[in-house]
Amino acid sequence: MIHYQATMRHNEKTFQALAHMQYDLFCRKNLIVRSLISFAAMAAGILNFSQWWGALLIVYGAYLTSSKYAQANHTANKIVKGIKDAGLEFPASRYLFRDNAMEVITLPENTSLGDPLTYDSVAKLGEDADYFYLFRDQYGGYMISKEEMGKEADEFRFFVEQKCNKAFQTQIAPIFKLLRKIDSNQRKKRQS
């Protein structure tokens, strides 16, 4: 039985959004180290501003702070360039959310892309303002447009979280996280 289905056609911006979410979910240590080095470089630069290398440390610290997604953007741009150089269309897929797994159908071929992704094998879930993300591992994942899910977006979120036994990680205000948690608990009670 198919509970939900969605179609996704990638473009340059979706590859970049996917790379950003991948960085946010799987590179937290990298972000912490970058932040610490950035703070240390700026502090040392401010304390030694009269020296030429002090100004250089400030610039380096500012670069580290402002270039959070530099590597992610590089990877996404490399993929996009490869697709364009090969004269190919951006990939498109249809996702079928069944009872125990998500099946990925390539378009326009309409063929299944290998074995379905079982919900218990999903490594992490992410969410931003426009998309839901399901990562099979740190090297690849899928994205589903919230716009396409329309009014079913909240039900879809609940369905995936229950099936994967994981919560979508998102950067929203704590009050909204609390409201989602309350909504999720109410949905669980209604299902029981």
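The rules we used
Residues numbered from 1 in each chain as written. Predicted model: local features only at pLDDT ≥ 70, side-chain atom pairs only at ≥ 80, totals over all residues. Heavy atoms only, no water. Axes fitted to C-alpha atoms, helices over the stretch in contact; angles between N-to-C directions. Helix = DSSP H or I, 4+ residues; strand = E, 2+ residues; numbered from the N terminus. Parallel < 35°, antiparallel > 145°, perpendicular 65-115°, else oblique. Contact = heavy atoms within 4.5 Å. Nonpolar A, V, L, I, M, F, W, Y, C, P; charged D, E, K, R; others polar. Expected span 1.5 Å × (residues − 1). Buried < 20%, exposed > 50% of the residue type's maximum accessible area, 1.4 Å probe, protein only. Arc of directions from axis to C-beta. Phe/Tyr/Trp six-rings, centres within 6.5 Å; stacked < 30°, edge-to-face > 60°. Salt bridge = Lys/Arg side-chain N within 4 Å of Asp/Glu carboxyl O. Patch = residues over 30% accessible without salt bridge, like charges linked within 9 Å, V, L, I, M, F, W, Y side chains within 5 Å. Areas by Shrake-Rupley, 256 points an atom, 1.4 Å probe, with all protein chains shown as cover. Pairing = 2+ DSSP bridges.

Novice: Just to check I follow, could you spell out the packing of helix H6 (residues 153–164) against helix H7 (residues 174–191) for this structure?
Specialist: Between two packed helices, the angle of one axis relative to the other and the distance separating the axes together describe the packing. Contact geometry of H6 with H7 gives a least axis separation of 11 Å together with a crossing angle of 75°. The angle between the axes of H6 and H7 places the two elements in the roughly perpendicular class. Facing H6, whose interface residues are Asp-154, Glu-155, Arg-157, Phe-158, Glu-161 and Gln-162, H7 presents Arg-180, Ser-184, Arg-187, Lys-188 and Gln-191. Considering only residue class, the contact of H6 with H7 consists of one nonpolar, three polar and seven charged.

Novice: Looking at this structure, how should I read helix H4 (residues 70–85)?
Specialist: Look at H4: 22 Å from first C-alpha to last across 16 residues, which is about the 22 Å you get at 1.5 Å a residue. Regarding H4, the residues found buried are Ala-72, Ala-76, Val-80 and Ile-83. Looking down the long axis of H4, one finds its buried residues gathered within 60° of arc, a one-sided arrangement. Away from its buried face by more than 90 degrees, H4 exposes Gln-71, Lys-78, Lys-81 and Asp-85. Its buried side turned inward, H4 meets helix H1 (12–26). Gly-87 sits one or two positions beyond H4 and adopts a positive phi of about 70°.

Novice: How do you make sense of the packing of aromatic side chains when you look at a structure like this?
Specialist: Each aromatic ring pair is summarised here by two numbers: the centre-to-centre distance and the angle between the ring planes. Scanning the entire structure with this criterion turns up twelve aromatic pairs. Ring plane angle 80° and centroid distance 4.9 Å describe the contact between Phe-97 and Phe-156, whose orientation is recorded as edge-to-face. Taken as a pair, Phe-97 in strand E2 (residues 92–98) and Phe-156 in helix H6 lie far apart in primary sequence, 59 residues in all. Under the relative-accessibility criterion, Phe-97 is labelled buried at 0%. Members of the aromatic cluster, connected to one another through ring pairs, are Tyr-4, Phe-97, Tyr-119, Phe-132, Phe-156, Phe-159 and Phe-168.

Novice: How should I be thinking about the pattern of salt bridges in this particular structure?
Specialist: What the rule picks out here adds up to nine salt bridges. Among the ionic pairs, Asp-85 bridges to Lys-81, the shortest N-O distance being 2.6 Å. Of the two residues, Asp-85 and Lys-81 both sit in helix H4, four residues apart, roughly one turn of that helix. Lys-81 carries the same exposure label as Asp-85, and that label is exposed. Among the salt bridges present, the one from Glu-127 reaches Lys-146, with a minimum N-O distance of 2.6 Å.

Novice: Can you walk me through a nonpolar patch on the surface in this structure?
Specialist: Together, Ile-175, Phe-176, Leu-178, Leu-179 and Ile-182 make up an exposed nonpolar region whose accessible area comes to about 480 Å². Tracing the sequence through the fold places Leu-179 in helix H7.

Novice: Would you mind showing me how to read the sheet that holds strand E8 (residues 140–145) here?
Specialist: Strands pair in a sheet through their backbones, by hydrogen bonds, and they do so in one of two ways: parallel or antiparallel. Spatially, E6-E7-E8 is the arrangement adopted by the three strands of the open sheet, whose pairing is antiparallel. A single partner strand is all that each edge strand has here, and the edge strands are strand E6 (124–127) and E8. Taken over all neighbouring pairs, the strand axes of this sheet differ in orientation by 20° on average, direction set aside. By the bridge criterion, six bridges tie strand E7 (residues 131–137) to E8 in an arrangement that is antiparallel. Residue pairing across strands places Phe-132 opposite Ile-144, the latter belonging to E8.

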